[in-house]
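Coordinate inspection notes
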Amino acid sequence: MAIRSLRRTVLRALRPLQSSSYSTTATGNSSLFSISNYSAEPSTSANSWRPNFSCYSISCRRLSSLTEEESHGPTAGNYCSLLTEEEYHKLANSTIHDLLEKLEEYGDSVDIDGFDVDYGNEVLTLKLGNSGTYVINKQTPNRQIWMSSPVSGPSRFDWDQKAEAWIYKRTKQNLFKVLETELEKLCKNPISLS
């Protein structure tokens, strides 16, 4: 039933079509939707043509390159050249161990069922019961600290020499500030990590 409805919708959209391929463009340099590889066949009405769906493909694609501001993925770059592996491990380990200590102290000041902080295999896990779980770990090949948050989702923090902090390049936010804001919101109790 749903397939028939989708087919009718597509057919209505293609009704004025009389060629064997279709493309719609939202802007001059990006094709967002296309249907191809079909042959036109006469429909029941006298003057209209519609695609034969026995052999077709539908694809959504973007032909233009995304700018860094448009991109939702990680920024391309060679971060290995910014920090040596030894410097990276020293900074990342220090950061994660500081977080571990401060989060354990914070756990004593909040009343949340299921609050637990654990560190093992270079992964820091903060469980907040029904409010979710944070996972913070090192990503050595990229020289990053990765965080999975129940509030903001996944983030990848790079060391910023000028700020002397781990910064998420997409949002320009500091790792400690993100955690402070989100934990205060979830636990209803302020925390200072910096």
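Before any of the text, the structure's been laid out above.
Computed from a prediction, not measured in an experiment: that's the story for all the values here. (Residues numbered from 1 in each chain as written. Predicted model: local features only at pLDDT ≥ 70, side-chain atom pairs only at ≥ 80, totals over all residues. Heavy atoms only, no water.)

1. Some words on the overall build of the protein chain
Within the protein chain, the secondary structure is distributed over 3 helices and 12 strands. Within the protein chain, residue pairs in contact and separated by at least 24 positions form 41% of the contacts whose partners lie at least 6 positions apart. (Helix = DSSP H or I, 4+ residues; strand = E, 2+ residues; numbered from the N terminus. Contact = heavy atoms within 4.5 Å.)

2. Considerations on a negative patch on the surface
On the surface, a cluster of negative charge is contributed by Asp98, Glu101, Glu104, Glu105 and Asp108. On the secondary structure map, Glu104 appears in helix H2 (residues 85–109). (Patch = residues over 30% accessible without salt bridge, like charges linked within 9 Å, V, L, I, M, F, W, Y side chains within 5 Å. Areas by Shrake-Rupley, 256 points an atom, 1.4 Å probe, with all protein chains shown as cover. Salt bridge = Lys/Arg side-chain N within 4 Å of Asp/Glu carboxyl O. Lys, Arg positive; Asp, Glu negative; His and termini not counted. Charge placed at Lys NZ, Arg CZ, Asp CG, Glu CD.)

3. Some thoughts on helix H3 (residues 175–187)
Compared with the 18 Å implied by 1.5 Å per residue over 13 residues, the 18 Å span of H3 between its first and last C-alpha is a close match. Residues of H3 that are buried include every one of Leu175, Phe176, Val178, Leu179, Glu180, Glu182, Leu183 and Cys187, and no others. Two or three places before Phe176, at the start of H3, stands the capping residue Asn174, its side-chain oxygen 2.7 Å from that residue's backbone nitrogen. One or two positions beyond H3, positive phi appears at Lys188, with a value near 60°. (Expected span 1.5 Å × (residues − 1). Buried < 20%, exposed > 50% of the residue type's maximum accessible area, 1.4 Å probe, protein only. Polar contact = N/O pair within 3.5 Å; in protein donor to acceptor, adjacent residues only side chain to side chain.)

4. Remarks on the packing of H2 against H3
Viewed as axis vectors pointing N to C, H2 and H3 meet at an angle of 20°, and their least axial separation amounts to 13 Å. Classed by the angle they form, the pair H2 and H3 counts as roughly parallel. Judged by the sense of rotation from one axis to the other, the crossing of H2 with H3 is right-handed. Across the interface between the two elements, Thr95, Leu99, Leu103 and Tyr106 of H2 pack against Leu175, Phe176, Leu179, Leu183, Glu184 and Cys187 of H3. Classifying every residue of the contact of H2 with H3 by side-chain character gives 8 nonpolar, 1 polar and 1 charged. (Axes fitted to C-alpha atoms, helices over the stretch in contact; angles between N-to-C directions. Parallel < 35°, antiparallel > 145°, perpendicular 65-115°, else oblique. Left-handed = near helix turned anticlockwise from the far one by under 90°. Nonpolar A, V, L, I, M, F, W, Y, C, P; charged D, E, K, R; others polar.)

Everything listed is a geometric property; what it means functionally is a separate question.
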